[in-house]
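Summary of the model geometry
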Protein chains: 2
Amino acid sequence: MTIDQLVHHFAGWLDSSGEYSEIVISSRARLARNLDSVPFASRASKAELSQVLNSLLTIREQSSYLKDILFFDINQLSKIDRQILVERHLISPALAEGKDQPQGILLDEQEVVSVMVNEEDHLRLQAIQSGLQLQEVWALVDGMDDEISRLLDYSFSEKLGYLTACPSNVGTGLRVSVLIHLPALVLTQEIEKVLRAIAQVGMTVRGFYGEGTEVLGNFFQISNQVTLGKSEEQIIKSLIKIVTEVIEYELKERQTLIKDASYQLEDKIWRALGILENARLLTTEEFMNLSSAARLGRSMELTSHPDFKTLNQLTVIVQPSHLQKLAGRYLESSERDIFRANIVRKRLQETTTTPER
Amino acid sequence: MTIDQLVHHFAGWLDSSGEYSEIVISSRARLARNLDSVPFASRASKAELSQVLNSLLTIREQSSYLKDILFFDINQLSKIDRQILVERHLISPALAEGKDQPQGILLDEQEVVSVMVNEEDHLRLQAIQSGLQLQEVWALVDGMDDEISRLLDYSFSEKLGYLTACPSNVGTGLRVSVLIHLPALVLTQEIEKVLRAIAQVGMTVRGFYGEGTEVLGNFFQISNQVTLGKSEEQIIKSLIKIVTEVIEYELKERQTLIKDASYQLEDKIWRALGILENARLLTTEEFMNLSSAARLGRSMELTSHPDFKTLNQLTVIVQPSHLQKLAGRYLESSERDIFRANIVRKRLQETTTTPER
């Protein structure tokens, strides 16, 4: 499969199939691993990085997880193709920059499991699923890790655990996260309190695209901060606990909104739908905000459309590089707003059976 | 017919039947007349004002215009019923205040011709029609005036013409006006230039409810300022001339918009429709602005719905007193916003066959 083909598919984690998938878009796990025989990526020579990449490609056939997996060499991808991978949450913006080094990504067709090679660490084993499925994504990366560890020598310290390029990942090398939609907490201004509570239990909150990105459309990424001194099971259980509490708080605030401001809430939701279904120009930011309201409405059963899967998928394809791939040409920012509005309108029309206005 | 029944009817001038009715909502003419035997209304006693009212009611049968006409005694109307007449552009806010004086309005069921009695002048003969029909409304008030003048003695000076309570109406006592929709001139910011040009030829521009009211929804009332020293025909021809020029300018600016900003224009129009069709809360001001965009879209054939008649009728029934009459009870301002949004949504649904999104 090429990137051009990938664009016309939707990743499995967008299908809104997991538990709480109206609130939790996705669950993700990644393990940072480095080969013992090679210096960390930032200090390794091109030849050494090549060695890392080739080692992984060589053992591919022997792994049940990796043998049917696709491989993309970052250096052979155009700038826009790399951005497609970023927009699909498959590679980091740092990897997309491409420093003329042996770097790449292995991924399955469903985009559930993947391995980033020679980003900050030699290997980043990743899994992503729809809804609250932290145990499931952990099981995937753990299984992949077990197989690879039998075939390649990891950099490991008896005292510290897995050694990583950045000290913040040392130990388990595990980061688990959820992408969660918290519109009611934002509307009732309880979100700051929640974010503080999350920080107090050693978790981190980020924006839609991870570290250093802003919150868009009331989507938050909650992940563990600590990788050292705790077992993987402890890390995952802590995250599940806090996420479950946040979900309950969000649901409680939704009831508060219905009780105290039902007309304002319904108005906000229906207007958002009306604009999504009719606008001829849409920026990404406005799309994210309107689609947040639409998701909230559907989730609270105030509306019967659009379904979460459609909203999830639109969130991916309205991004600049996806739009340009779908258009088959370079689009100026102003053209993208037109194209984005067209795609949103058409997708919502297709999936709307009988709107109950 | 009672006011309660009136509320469920729509005035003839809302049917969007006249020339240029996509731009010119209505044409109106009124003649200020006073009886020679009675002091002006502000100086007359209650008995004298009674005499004016009774004189008119007495001759009613002898007039082809007035014999089948309805009569409402302002003193016998509740505050909300009076406001209904104001919202239908039938009586002035001043008459609606009601000073416990013999005051009233005669009007036909179609609300085309009417006579306000004992407002600023003893009689205000009025006619209103859809679209650009200034000659037609003039013919109506002129005919009514001819009949009445044969039956009652008007206050008239050979030198000045008809004498009126306010010097600004002395002479012909004629005011002709159009209610015109100029969204493109507002969008391209050419409107100030146009308003200055209108003032220079001795015409006045006012807001939606006449003197001292603000411009809502890009609707302007253009009327003659001068009533003295010009014949009625001259006054009407001057107004037709300037209105025709303004229409041409507006149409030219619409073409400019399509040429220079077609996506922005279509976006504005479709969003307005999307909000009108979906909102659960609508203030009068927002309705007027959105309906202005919807009217522009329909007028430029960028959309196929809603029709002008629906938009015109909505403009009347979304007003506070109409909403309360239709609800059958007093509504707080916040309740009116809910009720207004419901009415707009339902009317647009009824009149939308197959939207071509």
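Residues numbered from 1 in each chain as written. Chains lettered and ligands numbered in written order. Predicted model: local features only at pLDDT ≥ 70, side-chain atom pairs only at ≥ 80, totals over all residues. Heavy atoms only, no water.

Here we look at the overall build of chain A
Put simply, the test is: The secondary structure listing takes helices from DSSP runs of H or I that are at least 4 residues long and strands from runs of E that are at least 2 residues long, numbered from the N terminus. As defined in this context, the radius of gyration uses C-alpha atoms, and a globule is described by 2.2 Å times the residue total to the power 0.38. Note on definitions: a residue-residue contact is assigned when non-hydrogen atoms from the two residues lie within 4.5 Å.
A tally of helices and strands in chain A yields twelve helices and ten strands. Relative to the compact-globule value of 21 Å for 357 residues, chain A shows a C-alpha radius of gyration of 21 Å, a close match. Dimensions of chain A, computed from the C-alpha atoms along their principal axes, are close to 65 × 45 × 30 Å. Here the contacts in chain A between residues at least 6 apart in sequence split such that 71% fall between residues at least 24 apart.

Examining the confidence of the model for chain A
Formally: Residue-level confidence of the predictor is what pLDDT reports, using numbers from 0 through 100.
Counting all residues, the mean pLDDT for chain A is 93, and 96% of those residues have values of 70 or more. Among the scores for the predicted complex, ipTM is 0.89 and pTM is 0.91.

So, the domain arrangement of chain A
Residues and elements named next belong to chain A. Spelled out, the test is: In this entry, domain limits derive from an automatic or database-based domain assignment. Summed over both partners, buried area is the accessible surface (1.4 Å probe) that two parts give up on being assembled. Each reported salt bridge corresponds to a side-chain nitrogen of Lys or Arg within 4 Å of a carboxyl oxygen of Asp or Glu. In the analysis that follows, any N or O atom pair within 3.5 Å is treated as a polar contact, provided that within protein one partner can donate a hydrogen and the other can accept it, and provided that, for residues neighboring in sequence, both atoms belong to side chains. Residues are grouped as follows: Ala, Val, Leu, Ile, Met, Phe, Trp, Tyr, Cys and Pro are nonpolar; Asp, Glu, Lys and Arg are charged; every other residue, Gly included, is polar.
By the assigned domains, chain A splits into domain 1 (3-249) and domain 2 (259-351). Roughly 2,300 Å² of surface becomes buried between domain 1 and domain 2 when both sides are summed, with 66% attributable to carbon and sulfur atoms. Taken together, the connections running from domain 1 to domain 2 amount to two salt bridges. The interface formed by domain 1 and domain 2 holds eleven residue pairs in polar contact (both at pLDDT 80 or more) in total. Counting residues per element, the ones that place at least two in the side of domain 1 that touches domain 2 are helix H1 (3-6), helix H3 (79-87) and helix H6 (183-187). Of all the elements, H3 adds the most residues to the side of domain 1 that touches domain 2, at five residues. Partitioned by chemical class, the residues of the side of domain 1 that touches domain 2 number 13 nonpolar, seven polar and six charged.

Examining the nonpolar core
Heads up, the condition is: Among buried residues, the Ala, Val, Leu, Ile, Met, Phe, Trp, Tyr and Cys ones that are joined through side-chain atoms within 4.5 Å form a nonpolar core. Three exposure classes are used, based on accessible area relative to the maximum for each residue type with a 1.4 Å probe and protein chains only: buried under 20%, partly exposed in between, and exposed over 50%.
Leu276(A), Leu314(A), Val344(A), Leu276(B), Leu314(B) and Val344(B) are the most contacted members of the largest nonpolar core, which totals 62 residues. Contributing elements (two or more residues each) for this core: helix H8 (232-278), helix H9 (284-299), helix H10 (308-317) and helix H12 (333-351) of chain A together with helix H8 (232-278), helix H9 (284-299), helix H10 (308-317) and helix H12 (333-351) of chain B. Here Leu314(B) is in contact with Phe287(B), Ile343(B), Val344(B), Arg347(B) and Leu348(B), once residues within four sequence places are set aside.

Quick notes on the relation of the copies chain A and chain B
Basically, it comes down to this: For this overlay, a least-squares fit was computed on C-alpha atoms, restricted to residues scoring pLDDT of at least 70 in both copies.
Overlaying chain A on chain B yields an RMSD of 0.0 Å, the required transformation being a rotation through 180 degrees with an accompanying axial translation of 0.0 Å. Both copies are brought into coincidence by an operation consistent with a two-fold rotation axis. It is Gly274(A) whose C-alpha, among those of chain A, lies nearest the rotation axis, at 2.1 Å. Both copies contact each other with a shared surface, as 100% of the interface residues of chain A are interface residues in chain B too.

Concerning the interface of chain A and chain B
If you look at the interface, chain A gives 19 residues, while chain B gives 19 residues. For the pair chain A and chain B, the two sides together bury roughly 2,000 Å², of which 55% comes from carbon and sulfur. Counting the contacts that link chain A with chain B gives two salt bridges. For Arg271(A), the salt bridge is made with Glu286(B), and the minimal N-O distance between the two is 2.7 Å. Counting across the interface, chain A meets chain B through eight residue pairs in polar contact (both at pLDDT 80 or more).

Remarks on the environment of His305(B)
Locating His305(B) in the fold gives a position in the loop between H9 and H10. In sequence terms His305(B) and Arg295(B) are ten residues apart; their C-alpha atoms lie 8.9 Å from each other.

Some remarks on the environment of Ala94(B)
Along the chain, Ala94(B) falls in helix H4 (residues 93-97). Apart from the residues within four sequence positions on either side, Ala94(B) is in contact with Lys99(B) and Glu119(B).

What to know about the sheet that holds strand S4 (residues 113-117) of chain A
The strands that make up a sheet pair up through hydrogen bonds in the backbone, lying either parallel or antiparallel. All names here are of chain A. In plain terms, the rule: Two strands pair if DSSP finds at least two bridges between them. Interaxial angle, 0 to 180 degrees, is taken between N-to-C directions of lines fitted to C-alpha atoms, where a helix line uses only the stretch in contact.
Taken together, the eight strands give an open sheet; going across it, the order is S2-S3-S4-S5-S1-S8-S10-S9, and neighbouring strands pair in antiparallel fashion. Because the sheet does not close on itself, it has two edges, and the strands there are strand S2 (70-73) and strand S9 (203-206). If you compare each strand with its neighbour and ignore which way they point, the axes differ by 20 degrees on average. Examined bridge by bridge, strand S8 (residues 174-181) and strand S10 (residues 219-224) share five bridges and lie antiparallel to one another. Looking at S10, one finds that Leu 179 is bridged to Gln 221. H8 contacts strand S1 (24-33), S8, S9 and S10 of the sheet and is inclined by roughly 10 degrees relative to S8.

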